[in-house]
Amino acid sequence: MKTVAIIQARMGSTRLPGKIMMKLKEKTVLNHVIERVQQSREIDEIIVATTVLKEDDVVEVEAKRYGVKVFRGSSENVLERYYQAAVSSDADHIVRITSDCPLIDHKIIDDIICKYKMINVDIMNNTGVNVNERTYPRGLDVEIFPFESLEKAFHNAYKKYQLEHVTPYIYENSNSTDIYKSDVNHSNLRLTLDTLEDYNLLEKIYLKLYHGQHNFFLDDVLNFLKNNPNLLLVNCHVEQKKI
């Protein structure tokens, strides 16, 4: 049974165009995401799913530079792009990760995959179907689902938001979902990249914790922020975009 991580990536962004090519300690955000996902012991293959737009040529070049496969598809129908990427890799199970999460943690990824393998669900995540269920910071988001769930969504979803965001149809038509929660609720933290304020916080975290190797994880980030509480003010006012 093949478990494939599909990282959706594109240069276009409403709030911060080109954000995945911004640098953190001389490496792009996309590079950091790839390297951190590559640490996973439970993922068999990684694919960067980008668009056929000319502006995303740089995404393909960057991904291949760091040794992962690339699939290029629709810029508007992300669900279709995801599905075709999964088909191209003969994936049995898909781990969905976005390219604006340079603090993604392979330990959390692997824990979620291991729990998912023990039970039979249409989809598992650590984000919660609604915001009140969330315990992990934004930027540590992981979803995992069987190919059959993705295929069903591809053939049946038709609403715009279902096509743009990959998994809404699965949640809306699922008989079984599961949420992976942490012991402590840190859902108020933003460790994702969507605005310049987010970037400023991520830059400070990387300056302190990244020294050429991805040997720091969520607990290290939380300890750093605990010891530097003023940093929490950098992006605390940023509101998450809604579907």
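See the structure above.
Residues numbered from 1 in each chain as written. Predicted model: local features only at pLDDT ≥ 70, side-chain atom pairs only at ≥ 80, totals over all residues. Heavy atoms only, no water.

**Student:** Lay out the packing of helix α3 (residues 78–88) against helix α5 (residues 147–156) with the relevant residues and their values.
**Tutor:** Between α3 and α5, the least distance of the axes is 10 Å, while the angle of their chain directions is 140°. The angle between the axes of α3 and α5 places the two elements in the oblique class. Crossing hand, α3 versus α5: left-handed. Across the interface between the two elements, L79, E80, Y82, Y83, Q84, A86 and V87 from α3 touch F147, L150, E151, A153, F154 and H155 from α5. Looking at the contact of α3 with α5 residue by residue, the class counts come to nine nonpolar, two polar and two charged. (Axes fitted to C-alpha atoms, helices over the stretch in contact; angles between N-to-C directions. Helix = DSSP H or I, 4+ residues; strand = E, 2+ residues; numbered from the N terminus. Parallel < 35°, antiparallel > 145°, perpendicular 65-115°, else oblique. Left-handed = near helix turned anticlockwise from the far one by under 90°. Contact = heavy atoms within 4.5 Å. Nonpolar A, V, L, I, M, F, W, Y, C, P; charged D, E, K, R; others polar.)

**Student:** Explain the side chain of T135 to me, using residue names and the numbers behind them.
**Tutor:** Considering the arrangement of structural elements, one finds T135 in the loop between β7 (123–125) and β8 (143–146). Contacts of T135, omitting those with residues within four sequence positions, involve Y180, K181, S182, V184, N185, H186 and S187.

**Student:** Got a sec to walk through the pairing of strand β5 (residues 69–73)? Specific residues and values, please.
**Tutor:** Sheet topology note: the strand β4 (residues 45–51)/β5 ladder contains five bridges and is parallel. Residue pairing for β5: A49 is matched across the bridge by F71. Taking the sense of rotation as the criterion, the β-α-β connection linking β4, helix α2 (residues 57–65) and β5 turns out right-handed. (Pairing = 2+ DSSP bridges. Right-handed = clockwise from strand over helix to strand, strands pointing away.)

**Student:** Would you mind going over the pairing of β8 in detail, with residue names and values included?
**Tutor:** Here β8 shows two buried faces, one formed by E143 and F145 and the other by I144 and P146. Two elements, strand β6 (residues 93–98) and β8, share four bridges in a ladder whose sense is antiparallel. Paired with H93 across the two strands is P146, which belongs to β8. Direction of pairing for β7 relative to β8: antiparallel, over a ladder of two bridges. (Buried < 20%, exposed > 50% of the residue type's maximum accessible area, 1.4 Å probe, protein only.)

**Student:** Which residues make up the nonpolar core, and what values go with them?
**Tutor:** Counting 54 residues, the largest nonpolar core has V37, I109, L191, I205 and L225 as its most contacted members. At the level of secondary structure, the elements contributing two or more residues to this core comprise β1 (3–8), α1 (29–38), β4, α2, β6, α4 (106–118), α8 (196–209) and α9 (218–227). Ranked by the residues each element gives to this core, the list is headed by α8, at six residues. Those residues in contact with L225 that sit more than four places away from it in its chain are L189, L191, L201, I205, L231 and L232. One finds I47, A49, V78 and F147 within the second-largest nonpolar core, a separate group that totals 24 residues. (Core = buried A, V, L, I, M, F, W, Y, C linked by side-chain atoms within 4.5 Å.)

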